[in-house]
Amino acid sequence: QVQLVESGGGLVQAGGSLRLSCAASERTLSSYDMGWFRQAPGKEREFVAAIAWGGGSRNYADSVKGRFTISRDNFKNTVYLQMNSLKPEDTAIYYCAAKSITRTQYEHWGQGTQVTVSS
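So, here's what we can say about the structure. (Residues numbered from 1 in each chain as written. Predicted model: local features only at pLDDT ≥ 70, side-chain atom pairs only at ≥ 80, totals over all residues. Heavy atoms only, no water.)

## A look at the sheet that holds strand E7 (residues 68–73)
Read from one edge of the open sheet, four strands run E1-E3-E8-E7, paired in antiparallel fashion. If you trace the sheet from one side to the other, it starts and ends with strand E1 (4–7) and E7, each paired once. In this sheet, adjacent strand axes meet at a mean angle of 15° when their direction is disregarded. (Pairing = 2+ DSSP bridges. Helix = DSSP H or I, 4+ residues; strand = E, 2+ residues; numbered from the N terminus. Axes fitted to C-alpha atoms, helices over the stretch in contact; angles between N-to-C directions.)

## Overview of the pairing of E7
Taking every second residue as pointing to the same face, the buried face of E7 carries Phe68, Ile70 and Arg72, while none of Thr69, Ser71 and Asp73 on the other face is buried. By the bridge criterion, six bridges tie E7 to strand E8 (residues 78–83) in an arrangement that is antiparallel. Residue pairing in the sheet places Ser71 in a bridge with Tyr80 of E8. Counting the residues between successive antiparallel strands, the hairpin from E7 to E8 contains four residues, one of them, Asn77, with a positive phi of roughly 55°. (Buried < 20%, exposed > 50% of the residue type's maximum accessible area, 1.4 Å probe, protein only.)

## Quick notes on the side chain of Thr78
With respect to the helices, strands and loops of the structure, Thr78 is situated in strand E8. At a separation of 2.8 Å, a polar atom in the side chain of Thr78 contacts the main-chain carbonyl oxygen of Lys76. Leave out the neighbours within four places in its chain, and Thr78 touches Ser21, Cys22, Ala23, Leu29, Arg72 and Asp73. (Polar contact = N/O pair within 3.5 Å; in protein donor to acceptor, adjacent residues only side chain to side chain. Contact = heavy atoms within 4.5 Å.)

## Considerations on the pattern of salt bridges
In total, this model carries six salt bridges according to the counting rule given. As a salt-bridge pair, Glu46 and Arg38 come within 2.6 Å of each other at their nearest N and O atoms. The exposure class assigned to Glu46 is partly exposed, which follows from its relative accessible area of 36%. Note that Asp90 is salt-bridged to Arg67, the shortest N-O span being 2.8 Å. Taken together, the residues span a long stretch of sequence, with Asp90 in the loop between E8 and strand E9 (92–100) and Arg67 in the loop between strand E6 (58–60) and E7 at a distance of 23 residues. Members of the salt-bridge network, linked through shared partners, are Arg38, Glu46, Arg67 and Asp90. (Salt bridge = Lys/Arg side-chain N within 4 Å of Asp/Glu carboxyl O.)

## Considerations on the packing of aromatic side chains
Taken as a whole, this structure holds four aromatic pairs when the rule is applied. The interplanar angle of 80° and the centroid separation of 5.2 Å between the aromatic rings of Phe37 and Tyr106 together place this pair among those described as edge-to-face. Of this pair, Phe37 sits in strand E4 (residues 32–39) while Tyr106 sits in the loop between E9 and strand E10 (108–109), and the two are 69 residues apart along the sequence. Counting every residue linked through ring pairs, the aromatic cluster contains Phe37, Phe47, Tyr106 and Trp109. (Phe/Tyr/Trp six-rings, centres within 6.5 Å; stacked < 30°, edge-to-face > 60°.)

Listed below in structure tokens is the structure:
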């Protein structure tokens, strides 16, 4: 069982930046594709960004392209989400997720970290 712990959330003004981190307990994180998702109050959870096991492939939701950057450090078993030019509509709980490279669905989820962007 892979345990994921997010950190780095907080309150920031519109236009500001935050960097989220996701630390994994699994010593072979390099075997997992990683993703970030978010859920705003009253809304369904939505995809934000994903990065393949080797870091060579990255995907982003249209709403965050050009503002957010996902990266990973497999030696540190950590995945990051750099968020720039934050908007009030980015306010949500952000979740880190992992899936084996042979799976199509994310299997492991963190507990989430709150990001609040004030206008």
